[in-house]
Amino acid sequence: MEYQATLPLFNKPFYSYNFVIDDDDYNFTFRYSDRAKTYLMSIEDSQGKTVIESVKLLTGVSLLRQYALEQFTGQFILVPRQLKEIYEWDVKDGRNIHRTHALVYYVPSPTDNGD
């Protein structure tokens, strides 16, 4: 069964919150990087153990695909709210990412082979 959840994004230079993914509670921390001109995402499990740290939020790619993480059955994808920005990896206005993009956790159906 296909599943999708949208994680909230805010207009703050640093914030964190808990969110349930695949029936487990995780702490998501977002920190704005002036150098990268976008937010960096870190994730800890419910025991405070770091799952992943300082992943740059890029548009249209699976943010954690390059890592061998067994915790998640799906993918985290930063999706632009305007279709015209779908092919732009860097976020133009990182401080206002909450207005221009949505952070989606997507689990495809078992029959979806990506074709």
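Figured I'd write up the structure that's included with this text. (Residues numbered from 1 in each chain as written. Predicted model: local features only at pLDDT ≥ 70, side-chain atom pairs only at ≥ 80, totals over all residues. Heavy atoms only, no water.)

Helix and strand content of the chain: 1 helix and 7 strands. For the chain, the sequential pattern of α-helices and β-strands runs β-β-β-β-β-β-α-β. The buried share among the 115 residues of the chain stands at 43%. The long-range share in the chain, meaning contacts at least 24 apart out of those at least 6 apart in sequence, stands at 43%. (Helix = DSSP H or I, 4+ residues; strand = E, 2+ residues; numbered from the N terminus. Buried < 20%, exposed > 50% of the residue type's maximum accessible area, 1.4 Å probe, protein only. Contact = heavy atoms within 4.5 Å.)

This part covers the sheet that holds strand β1 (residues 3-7). Taken in spatial order, the 3 strands of this open sheet run β1-β7-β6, and their pairing is antiparallel. In this open sheet, the two edge strands, each paired with only one partner strand, are β1 and β6 (75-80). Ignoring strand direction, the axes of neighbouring strands in this sheet form an average angle of 30 degrees. Two elements, β1 and strand β7 (residues 101-107), share 5 bridges in a ladder whose sense is antiparallel. For L7, the partnering residue across the bridge sits in β7 and is L103. (Pairing = 2+ DSSP bridges. Axes fitted to C-alpha atoms, helices over the stretch in contact; angles between N-to-C directions.)

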